[in-house]
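Summary of the model geometry
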Amino acid sequence: MLHIFRPYAHPLRAAIAVFLSIILFTLLFGSCSSEPFDPVREGKLLLGTTVNVTLYEEGPDDIFERVFDRVEQIERKMSTSKDDYDTTELLEVNRNAGIRPVRVSADTFEVIRRALEYSELTDGAFDVTIYPLVELWGIGTADARVPAEEEIQERLALVDYRKVQLDREAQTVYLPEEGMGLDVGAIAKGYAADESRRILKEAGVDSALLDFGGNIVTVGEKPNGEPWKIGIQNPEAGRGRYLGILSSGPMAVVTSGDYERYFVQDDVRYHHIISSRTGYPARPGLASVTILTDDSTEADALATALYVMGAEKGLPFVRDRDDIEAAFVTQEKEVYMTAGMESALNVSHEDYEVLPWPAGAQAAAAETR
Ligand code: AMP
Ligand code: MG
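Since this is a predicted model, take the numbers as computed values, not measurements.

Here we look at the overall build of the protein
Looking only at helices and strands, the protein has 10 helices and 17 strands in total. With 369 residues in all, the protein has 49% of them scored as buried. Restricting the contact set of the protein to residue pairs at least 6 apart, pairs at least 24 apart contribute 58%. Working note: accessible area of the protein is about 19,000 Å², and carbon and sulfur atoms make up 50% of it.

Structure below.
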């Protein structure tokens, strides 16, 4: 007898099979049934740069506004630009130097507190009291000029982060000498980027990219599960040309260099990162420093600090830190990287040469352990 296999001959069995198929179909294809989401980007001029927010998944309608409002709020509190603002919390602190402590918002207090932490950690390579010199040089403003030696020495005497007095209870900041001043330009963008990431996460956005003019923060994973890919600025070229591509999971990556804001006089480039030892733009022999970590505030502060420190001091410093990866690009177009950075950053530009970590830096690192 011919047996015909009829699995669903029984009506109940057929119903169960259909039901199971529906569940299986939903599990397999349910999450992909919607159209793939095209990334949406919005940008706004803030903190002296274009802040770009790119969403890789849908967010609340007002999400861009929420992020930009928060960044603007930070700018209004912490800017030291008298052209842009009659007053800010930072300008009030500076105007009251030698007069009285000034109460500031929790935001400003936190940024100053962390800036002081990095000032200490880097022994003044990062110095939050650099303001008198930044103001004197005016780099990036219409008043930029090479000051007289006396003026530089006069201002230099006012720069010392160890003199800043914070009162946590009263939430006040006091600069004990007239003429002292704070500048958080080397850390505030990082803080604003961290805050923006927090806002996106709290709004349920799990996939986004924040670009604060070279301060990059990723939020969650890319929807396709691939690593994020970030172009690292070639210090020689204008914005948009890359030294190489950095691929990584969630990250904050910040580059500081002498190419961002400067003027040239008698063939000398005077740029915006000032040495608190000399009072002149730092001359560490570097074109840029890139820091990769998960905290943008830290990456921002350390990129500036390590640029000032130079490769000789900077390499042993990062070598001692497991949580920070760094790339140092010298003026001779040599690139020195920590092991973690080397596996993340593919230096593709033919003018640059990746060199092994110098033996001297290893020895110095071993000594400091
Ligand atoms: P960044 O672009 O993050 O490296 O920060 C540079 C900005 O930080 C400058 O425009 C100044 O406002 C400020 N700055 C300059 N030199 C220093 C320094 N040695 N320590 C802390 N902040 C600095
Ligand atoms: Mg910085």
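Resuming the write-up.
Description of the coordination of the magnesium ion (ligand 2)
Protein coordination at the magnesium ion (ligand 2): the donors are Ala186 (O), Asp300 (O), Asp300 (OD) and Thr304 (OG1), at 2.0 to 2.4 Å from the metal. Each donor residue of the magnesium ion (ligand 2) lies on the same chain, and together they follow the pattern A-x113-D-x3-T. Here alanine 186, found in the loop between β5 (172-174) and α7 (188-202), pairs with threonine 304, found in helix α8 (residues 296-319); they are 118 residues apart in sequence, far enough to count as distant. Here alanine 186 and threonine 304 have matching classes, each one buried.

Quick word on the confidence of the model for the protein
Predicted confidence across the protein gives a mean pLDDT of 89, with 86% of residues reaching 70 or more. Contacts for the low-pLDDT stretch residues 1-9, under 50 throughout, to residues beyond four places or in other chains number 4 contacts. With pLDDT under 50 throughout, residues 22-33 is counted as low confidence; its partners more than four residues away or in other chains account for 2 contacts.

Regarding the site of ligand 1
In the vicinity of ligand 1, 16 residues are found, and the nearest of them are Asp127, Asp183, Ser256, Ile274 and Thr304. In the model, an oxygen atom of ligand 1 is placed 2.5 Å from a nitrogen or oxygen of the serine 256 side chain. Here threonine 304 contributes a side-chain N or O atom positioned 2.7 Å from an oxygen atom of ligand 1. With respect to the pocket detection grid, ligand 1 is positioned in the largest pocket. The residue makeup of the shell around ligand 1, split by class, is 7 nonpolar, 4 polar and 5 charged.

Considering the layout of surface pockets
Approximately 1,600 Å³ is the volume found for the largest pocket. Residue lining of the largest pocket: 50 residues in total, with Thr80, Val134, Asp183, Gly185 and Arg261 positioned closest to the centre. Residue assignment for the lining of the largest pocket shows that the elements contributing at least two residues are α2 (63-78), α5 (131-137), α7, β10 (252-257) and α8. Considering each element in turn, the lining of the largest pocket owes the most residues, 5 residues, to α5. Taken together, the residues of the lining of the largest pocket break down into 20 nonpolar, 16 polar and 14 charged. Its boundaries defined by the atoms lining it, the second largest pocket holds a volume of some 600 Å³. The element contributing the most residues to the lining of the second largest pocket is strand β8 (residues 228-233), with 6 residues.

Some words on the packing of aromatic side chains
Taken as a whole, this structure holds 4 aromatic pairs when the rule is applied. Taking the centre distance of 5.3 Å and the plane angle of 25° together, the rings of phenylalanine 263 and tyrosine 270 count as stacked. The class for phenylalanine 263 is buried, based on a relative accessible area of 16%. Through a chain of ring-to-ring contacts, three or more aromatic side chains come together here, namely Trp137, Phe263, Tyr270 and Tyr280. One residue, arginine 162, lies across the ring of tyrosine 161, its end atom 5.6 Å from the ring centre. Seen from the ring of tyrosine 270, arginine 283 lies directly overhead, with NZ or CZ sitting 5.9 Å from the centre.

Here's the deal with the pairing of strand β12 (residues 268-271)
Both strand β11 (residues 262-265) and β12 contribute to a ladder of 4 bridges, which runs antiparallel. The residue bridging phenylalanine 263 from the neighbouring strand is tyrosine 270, located in β12. Counting the residues that bridge the hairpin from β11 to β12 gives 2 residues, and of these aspartate 266 lies at a positive phi of roughly 50°.

Focus: unusual backbone geometry
Of note in the backbone geometry, glutamine 171 takes a positive phi value of approximately 55° without being a glycine. Checked against the element boundaries, glutamine 171 lands in the loop between β4 (165-167) and β5. One non-glycine residue, lysine 333, lies in the positive phi region at around 65°.

Examining the pattern of salt bridges
Enumeration over the complete set of coordinates arrives at 23 salt bridges. In this structure, the salt-bridge partner of arginine 321 is glutamate 298, at a minimum N-O distance of 3.3 Å. Separated by 23 residues along the polypeptide, arginine 321 in the loop between α8 and β14 (325-330) and glutamate 298 in helix α8 bring together distant segments of the chain. Among the ionic pairs, aspartate 323 bridges to arginine 321, the shortest N-O distance being 3.0 Å. On the basis of relative accessibility, which here comes to 23%, the residue arginine 321 falls in the partly exposed class. What emerges from the salt-bridge pattern is a single network uniting Arg70, Lys77, Asp107, Glu195, Arg198 and Glu202.

What counts and what doesn't
- Residues numbered from 1 in each chain as written.
- Chains lettered and ligands numbered in written order.
- Predicted model: local features only at pLDDT ≥ 70, side-chain atom pairs only at ≥ 80, totals over all residues.
- Heavy atoms only, no water.
- Helix = DSSP H or I, 4+ residues; strand = E, 2+ residues; numbered from the N terminus.
- Buried < 20%, exposed > 50% of the residue type's maximum accessible area, 1.4 Å probe, protein only.
- Contact = heavy atoms within 4.5 Å.
- Areas by Shrake-Rupley, 256 points an atom, 1.4 Å probe, with all protein chains shown as cover.
- Donors = N, O, S within 2.8 Å, 3.2 Å for Na, K, Ca; no water.
- pLDDT = per-residue confidence, 0-100.
- Near = heavy atom within 4 Å.
- Polar contact = N/O pair within 3.5 Å; in protein donor to acceptor, adjacent residues only side chain to side chain.
- 1 Å grid on protein atoms, 1.4 Å probe; cavity = no way out; pocket = protein on both sides within 12 Å on 5 of 7 lines; lining within 4 Å.
- Sits in = over half its atoms within 2 Å of the grid points.
- Nonpolar A, V, L, I, M, F, W, Y, C, P; charged D, E, K, R; others polar.
- Points joined across faces, edges and corners; volume = space filled by probe spheres on them.
- Phe/Tyr/Trp six-rings, centres within 6.5 Å; stacked < 30°, edge-to-face > 60°.
- Lys NZ or Arg CZ within 6 Å of the ring centre and 35° of its normal.
- Pairing = 2+ DSSP bridges.
- Salt bridge = Lys/Arg side-chain N within 4 Å of Asp/Glu carboxyl O.

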